[in-house]
Amino acid sequence: MNIIRNKITLKPLENLSLPPYKGSTLRGGFGHALKIIICENKGDKCIKCQQKKNCIYSYIFETSISQEIEGKQKNPQLPHPFIIEPPIDKKRHYTTDDKLNLYIILIGRAVDFLPYVIRAFKKLGRIGIGKDRGKYKIEKIININNKIESCIYNDISYIKDEYPMINSTDIMFKASQLNYQQITLNFLTPTRIKYQGKLTIHIDFEIIIRNLLRRLSWLAEIHCNEKWDMDWQGIISRAKKQVSTINSNLYWYDWERYSQRQVKKMKMGGFVGDITFKGDMAEFLPFIKLGEFLHIGKGTVYGLGKYEIISS
């Protein structure tokens with residue numbers, strides 16, 4: 001599984017008014033701009049479009065699965081091959097003296113579409129974003145790999161046509177350096193995890209591993225052509241037996257986003273805070289470390305479900 005993570009610095013050309021949590025606004029604007037630059041059939045919906053199978057926009061935003069996979073599982077929750085990480089702070093108003101930094105993560109085949117992603121964010125800057133459609137320019141884009149940063153784009157042109165990718169094998173190797181007996185997960189953005197069909201704040205290690213395995217294995221199969229053949233039930237059973245919660249400081253955080261499709265505001269709350277686990281976690285740490293890059297739960301395209309590992 002190959003991943004790229006880029007930091008995009010936006011420079012306002014006029015005042016920007018954004019919501020406290022900016023993930024939904026950035027995701028919606030990005031999708032709108034990407035469709036403008038990609039779509040050849042402006043009036044058609046993606047589901048009816050004959051170009052759907054070969055369309056970059058459809059692949060990224062209307063992710064579908066092959067008939068082979070579809071026959072194996074009913075109504076799967078398909079993960080998209082990108083994550084937008086908005087600024088963590090709740091700053092709402094930006095002037096021409098400010099800068100706004102966001103991160104975008106591309107996964108698997110979507111890595112090849114980085115030039116289109118950059119074009120979409122440039123287009124969005126000309127369209128405008130936020131309540132008053134404030135305009136901006138891209139000042140620079142930094143590729144981040146193993147804490148090594150390299151500029152791949154500035155506000156004039158590309159600086160690099162090639163950029164280093166993060167390989168999931170390298171991420172999993174780093175997991176071996178963590179303390180496998182005790183870790184703390186600090187959830188930085190609202191995290192929406194369902195248990196028995198309902199959103200919950202009452203999570204344990206088993207629930208974390210269930211959700212990570214589901215998300216990561218689907219990302220690998222759909223976007224990276226990797227089929228994970230594992231003893232799923234055995235892993236989940238051991239997660240339940242071997243690891244316990246010793247401290248939890250999780251709390252609920254509510255926010256709203258406006259849905260263009262449903263033409264209404266939607267509640268998108270989730271838990272934030274930290275939780276500490278203790279036990280033999282050696283076999284689970286690779287999944288947890290990979291999840292630190294790729295998030296967990298629902299709404300990851302908005303940047304939800306972002307956590308950091310604090311190793312004791």
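First, a word on what this report is: a plain description of the structure on this page. Predicted model, so just to flag it, every value in this text is computed and none were measured.

### What to know about the pairing of strand E5 (residues 100–107)
Across the eight residues that make up E5, a large majority, six, are buried. Of the strand pairs in this sheet, strand E1 (residues 2–12) and E5 are connected by eight bridges, and their pairing is antiparallel. Each residue of the ladder has a partner; that of Asn-6, found in E5, is Ile-104. Across four bridges, strand E3 (residues 82–85) lies against E5 in antiparallel orientation. Pairing of Glu-85 across the sheet is with Tyr-103, part of E5.

### Things to note about the pattern of salt bridges
The tally for this structure, following the rule as stated, stands at nine salt bridges. The residue Lys-91 makes a salt bridge to Asp-98 at a minimum N-O spacing of 3.8 Å. The partner of Glu-283 in a salt bridge is Arg-238, and the shortest N-O contact between them spans 2.6 Å. You can see Glu-283 sitting in the loop between strand E16 (270–279) and helix H8 (285–294) and its partner Arg-238 sitting in helix H7 (residues 232–242), a full 45 residues away along the chain. Several salt bridges converge on common partners, so that one network encompasses Arg-5, Glu-85 and Lys-306.

### Topic: the pairing of strand E7 (residues 148–154)
Side-chain positions along a regular strand alternate between the two faces of the sheet. Sheet topology note: the strand E6 (residues 136–145)/E7 ladder contains six bridges and is antiparallel. Across the sheet, Ile-141 pairs through a bridge with Tyr-153, a residue of E7. Linking E6 back to E7 in an antiparallel pair, the connection comprises two residues, with Asn-146 at a positive phi of about 55°.

### A few points about the nonpolar core
Formed by 45 residues in total, the largest nonpolar core has its most connected members in Phe-30, Leu-106, Phe-121 and Ile-138. Elements represented by at least two residues in this core include exactly E1, helix H1 (23–38), helix H2 (56–61), E3, E5, helix H4 (114–127), E6 and E7. In terms of residue count, the dominant contributor to this core is H4 (six residues). Here Phe-121 is in contact with Ile-8, Phe-30, Ile-84, Leu-102, Ile-104, Tyr-136 and Ile-138, once residues within four sequence places are set aside.

### Re unusual backbone geometry
Its identity as a non-glycine residue notwithstanding, Arg-133 has a phi of 55°, on the positive side. Residue position: Arg-133 is located in the loop between H4 and E6. Here the phi dihedral of Asn-225 falls at roughly 55°; this positive angle occurs in a residue that is not glycine. You can see Asn-225 is positioned in the loop between helix H6 (205–224) and H7.

### Comments concerning H6
The end-to-end C-alpha distance of H6, which contains 20 residues, comes to 27 Å, matching closely the 28 Å that a straight helix rising 1.5 Å per residue would cover. Of all 20 residues in H6, 18 are buried; the element is thus mostly enclosed. Directly beyond the C-terminal end of H6, a positive phi value near 55° is found at Asn-225.

### Digging into the packing of H6 against H7
Two numbers describe how H6 lies on H7: the axes approach to 8 Å, and their chain directions differ by 150°. Overall, the two elements H6 and H7 adopt an arrangement that is roughly antiparallel. Two packed elements cross with a definite hand, and for H6 against H7 that hand is right-handed. Listed contacts from H7 to Phe-205, Glu-206, Ile-209, Arg-210, Leu-213 and Ser-217 of H6 are Trp-232, Ile-235, Ile-236, Ala-239 and Lys-240. For the contact of H6 with H7, the per-class residue count stands at seven nonpolar, one polar and three charged.

### Re the packing of H6 against H8
Their axes nearest at 10 Å, the elements H6 and H8 cross at an angle of 65°. Here H6 lies roughly perpendicular to H8, going by the angle between them. Crossing handedness for the pair H6 and H8: left-handed. For the pair H6 and H8, contact is made by Phe-205, Ile-209, Leu-212, Leu-213, Arg-215, Leu-216 and Leu-219 and by Phe-287, Ile-288, Leu-290, Gly-291 and Leu-294, respectively. Of the residues belonging to the contact of H6 with H8, the class tally is ten nonpolar, one polar and one charged.

The rules we used
Residue positions are given per chain, counting from 1 as you read along its sequence in written order. The predicted nature of this model means local features are confined to residues of pLDDT at least 70 and side-chain atom pairs, given and counted, to a pLDDT of 80 or more, with totals for whole chains, interfaces and linings taken over all residues. Note that water and hydrogens are dropped before the side-chain values are worked out from all heavy atoms of the structure. The classification of residues rests on relative accessible area computed with a 1.4 Å probe and restricted to protein chains. Under 20% of the type maximum is buried, over 50% is exposed, and intermediate values are partly exposed. Helix and strand labels come from DSSP, where a helix needs a run of H or I of at least four residues and a strand needs a run of E of at least two; each type is numbered from the N terminus. Between any two strands, pairing holds if DSSP finds at least two bridges. Definition used for salt bridges: Asp or Glu carboxyl oxygen within 4 Å of a side-chain nitrogen of Lys or Arg. As used in this record, nonpolar core signifies buried Ala, Val, Leu, Ile, Met, Phe, Trp, Tyr and Cys residues forming a set joined through side-chain atoms within 4.5 Å. Here, residues are in contact when the closest pair of their heavy atoms is within 4.5 Å. By definition here, a helix of n residues has an expected span of 1.5 Å times n minus one. To get an axis, fit a line to the C-alpha atoms, keeping to the stretch in contact for a helix; angles then go from 0 to 180 degrees between the N-to-C directions. When describing relative orientation, an angle under 35 degrees is termed roughly parallel and one over 145 degrees roughly antiparallel, while 65 to 115 degrees is termed roughly perpendicular and anything else oblique. Less than a right angle of anticlockwise turn of the near helix away from the far helix marks a crossing as left-handed, whereas a clockwise turn marks it as right-handed. For this classification, the nonpolar set comprises Ala, Val, Leu, Ile, Met, Phe, Trp, Tyr, Cys and Pro, the charged set comprises Asp, Glu, Lys and Arg, and every other residue, Gly included, is treated as polar.

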